Amino acid sequence: MPNSNSPGFWSSSLSEADAISAGIEYSQLQLSQTGDLYWVEQRPNEGGRCCICFELESQPGVHREITPPDYSVQSKVYEYGGRGWCLLDDALVFVNASDQQVYRQGLSGACDVIQVTSQSNTRYIEPIWDKSRNRLIAVEEIHADAGVINRIVAISLSDGSVEVLVEGADFYSYPVINPQGSVLAFVSWNHPHQPWTSTQFSYLNLTSSDLDRPISIAGHDSEEALSQPYFSPKGELYVVTDRSGWWNVYRCELDGLDLVPVEAESCDMISAPWQSGLTHYAEISSKVVSIYHKHEGAEVMLEGVSLVPEFNYFKSLVAAGDWVCVVAAAKDRLVSVVKVNTVTGQVRVVTGGASPLLREDCSLAKPMSFSETSSTCYGYFYSPANSQFSNGDGRTPLVVFLHGGPTAATYPVLNMKIQYWTQRGFSVLDLNYRGSSNYGRAYRNSLQHQWGVVEVEDIKSAIDELVELGFVDKGAVFVRGNSSGGFSALSAVYRLDCFAAAASLYGVTDPLVLDGCTHKFESNYLHWLIGDPVAEKSVYRDRAPLDNVDQINCPVIFFQGEKDRVVLPEQTREMERALKERGVRVEAYYFSEEAHGFRVSDTAEVVLREELRFYQAEIPVRLG
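Note that this is a predicted model, so its numbers are computed, not measured.

Colleague: Whenever I open this one, the overall build of the protein chain confuses me. Can you help?
Modeller: Check the secondary structure of the protein chain and you find 10 helices and 36 strands. Rg of the C-alpha trace for the protein chain: 24 Å, near the compact-globule value of 25 Å for 624 residues, within the 12% margin. Seen through its principal axes, the protein chain has C-alpha atoms that stretch 75 × 55 × 45 Å. The buried share of the protein chain, reckoned over its 624 residues, is 60%. A separation of at least 24 residues holds for 58% of the contacts in the protein chain among residues at least 6 apart in sequence. Each charge class in the protein chain can be summarised by its mean position, and for the 49 positive and 79 negative side chains these summaries are 2 Å apart.

Colleague: Looking at this model, I keep getting lost on the environment of Y292. Mind explaining?
Modeller: Topologically, Y292 is positioned in strand 22 (residues 287-292). Not counting chain neighbours up to four residues away, the residues in contact with Y292 comprise E263, E265, C267, D268, M269, G297, A298, E299 and M301. Among the polar contacts listed, one links the side chain of Y292 to the side chain of E263, at a separation of 2.6 Å.

Colleague: Could you clarify how one ought to interpret helix 4 (residues 454-468) in this entry?
Modeller: In an α-helix, one turn spans 3.6 residues; hence positions three or four apart end up facing the same way. Taking 1.5 Å per residue, 15 residues should reach 21 Å; helix 4 reaches 21 Å between its end C-alpha atoms and fits that length. Among all positions of helix 4, only V454, E455, V456, D458, I459, S461, A462, I463, L466 and V467 are buried. In this structure, the buried residues of helix 4 make contact with strand 29 (366-372), strand 30 (375-382), strand 31 (396-402), strand 32 (427-432), strand 33 (472-482) and helix 5 (484-495). Two residues or fewer past helix 4, G470 is found with a positive phi of approximately 85°.

Colleague: Just checking my understanding: could you explain the sheet that holds strand 25 (residues 313-320) for this structure?
Modeller: Sheet strands pair via backbone hydrogen bonds, and the direction of the pair is either parallel or antiparallel. A sheet is described by the order of its strands in space; here 4 strands give the open sequence 25-26-27-28, paired in antiparallel fashion. Strands with a single pairing partner mark the edges of an open sheet, and in this sheet they are strand 25 and strand 28 (347-352). On average, each strand axis in the sheet is tilted by 25° relative to the strand beside it, whichever way the strands run.

Colleague: What is the right way to look at the pairing of strand 20 (residues 258-261) in this model?
Modeller: Along a regular strand, successive side chains alternate from one face of the sheet to the other. With 4 bridges connecting them, strand 19 (residues 248-253) and strand 20 associate as antiparallel partners. Looking at the pairing, C252 lines up with L259 of strand 20. Taken together, strand 19 and the strand that follows it, strand 20, pair antiparallel across an intervening segment of 4 residues, in which L257 is found at a positive phi of about 55°.

Colleague: Help me out: how do you make sense of the sheet that holds strand 18 (residues 237-241) in this one?
Modeller: If you trace the 4 strands from one edge of the open sheet to the other, you get 17-18-19-20, paired in antiparallel fashion. Each edge of the sheet is formed by a strand with only one pairing partner; in this case those strands are strand 17 (226-231) and strand 20. For this sheet, the mean inter-axis angle between neighbouring strands, taken without regard to orientation, is 35°. Direction of pairing for strand 18 relative to strand 19: antiparallel, over a ladder of 5 bridges. The residue bridging T241 from the neighbouring strand is N248, located in strand 19.

Colleague: Explain the state of the cysteines here, please?
Modeller: The bond known as a disulfide is covalent and runs between the sulfur atoms of two cysteines. The final tally for this structure, using the stated rule, is 0 disulfides. The structure places no disulfide on C86, whose sulfur is separated from the nearest cysteine sulfur, that of C50, by 17 Å.

Colleague: Please explain the environment of V62 as it appears in this structure.
Modeller: Within the secondary structure, V62 is located in the loop between strand 3 (49-55) and strand 4 (64-65). With relative accessibility at 35%, the residue V62 sits in the partly exposed group. Sequence separation between V62 and C252 is 190 residues, and the spatial gap between their C-alpha atoms is 40 Å. In this view, V62 contacts F54 and E55; residues no more than four positions away in its chain are not counted.

Conventions adopted
Residues numbered from 1 in each chain as written. Predicted model: local features only at pLDDT ≥ 70, side-chain atom pairs only at ≥ 80, totals over all residues. Heavy atoms only, no water. Helix = DSSP H or I, 4+ residues; strand = E, 2+ residues; numbered from the N terminus. Rg over C-alpha atoms; globule rule 2.2 N^0.38 Å. Buried < 20%, exposed > 50% of the residue type's maximum accessible area, 1.4 Å probe, protein only. Contact = heavy atoms within 4.5 Å. Lys, Arg positive; Asp, Glu negative; His and termini not counted. Charge placed at Lys NZ, Arg CZ, Asp CG, Glu CD. Polar contact = N/O pair within 3.5 Å; in protein donor to acceptor, adjacent residues only side chain to side chain. Expected span 1.5 Å × (residues − 1). Pairing = 2+ DSSP bridges. Axes fitted to C-alpha atoms, helices over the stretch in contact; angles between N-to-C directions. Disulfide = S-S within 2.5 Å.

See below:
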């Protein structure tokens, strides 16, 4: 048995609880014209509850929570949700997690909450304020016997009545209204597309009596992914499109329906819109401030100047007056809410950022690229870091992290869930395999019809190079993934013979079954990722980990939510059963209150603790 000085067995003061409690998520920033800043916190120690907090411009450093304890601000539209609230003049409205209805709450400090909508089997997302008409405009999702219907509606703030503004497409997102209240712009798309493959950008004249005839601006005659429309304070309309191969910001001329690039850069300025209502750019003093995603780290740029160079990850950017506010993180800083004065250059961390580890105990991300033949993939390598121990010969156990999506991305930031492993003597490779966001449309689309193949090739080329460089021990390589990343991890263990063990967190085991039961948002996604399930059923069978159990020889541990509607728990149970019948070492943990993505801190702690124990049993004694 390896001793406590062996990599993989180091002791650490960073407990499972410490690693999870440091994972507070900040999102959905909104900034009033007077500089008061509001944001949403998702708190793992409160069962994943989401609450709105704020800091008044007149009282910097004083934070208050405005959401009463019995409420949680969370929309479940499209299952992945997104922005679930907005500011009014002297109040705010939010979508409550338990019933998905819209509520109104004053800003004066009173905790009175008034229900606005009472629509059964209905959800709402992305509310915006149509001030001149005393109403909200939002995306509505109705769950009816005949199926799920999505549309854009107006909700009266007087009586909660609902009026349909736009319908007919399969999906809608990003409704935005100009300051004059005369134009509503929005994004829509239809099956079989996803919002990162092909969408349509349109607008509706709200002063016209003919409200059922929106005018298409772009995306109607070409395959491009348009997203995040935005009206400036002066009424100029912007949108992001990847028509150049990169998601860049364009200005829209409504008269001629032309899109003019504001900043033509060979980098993405947004990430794949798995959630609705994201904000990655804004206008300030007639100039666009936007996020530039780069492999080495992102930047917030204003006229060629990086506003917050000490950070390298950003999301949820908003601006008003002289202020830019953004959720930010860095290689050595946890996620924070940051406020920047664009006149004085002052940068202030509003909340977050504190690490439970000393700087010398933190493993910092090393950007790397891996090539095999003509393809290249990207990732971030973390060496073991614990000031009490030494790496010895440098060859340590390796855990390969695979993000979900699969069209998501990972970033070179301080993440305590990664530090949990590096503290104990593991190296970590956080991989942005082909198909990930932030590397352009071509890289993102390289996964089309190749899911379960190209990312496995990328996993192999990355592991081979790390072994060749002498960073890791080839006899102690582990792979883990969540959701689609779980599918990729399971695909890797049956296609490659190089793993000591694997972990699947609510991972797909049978894509053909998933295609027949998944929710509306992803109901055609597998057609893009693999192919037509009828015409290419044999391809589905060839790609399904469940159908290739006889080729899996390494131990596997599963973690699954019983309320998961994306990956049904029956899939995991079937895989667990099949592996046990073959005599493969298998463990599985099922959580009765979890869905797709674990939100409860106790659950996340169990995952870390049991996954570590599971891997340690497979580390060769020679590492001692």
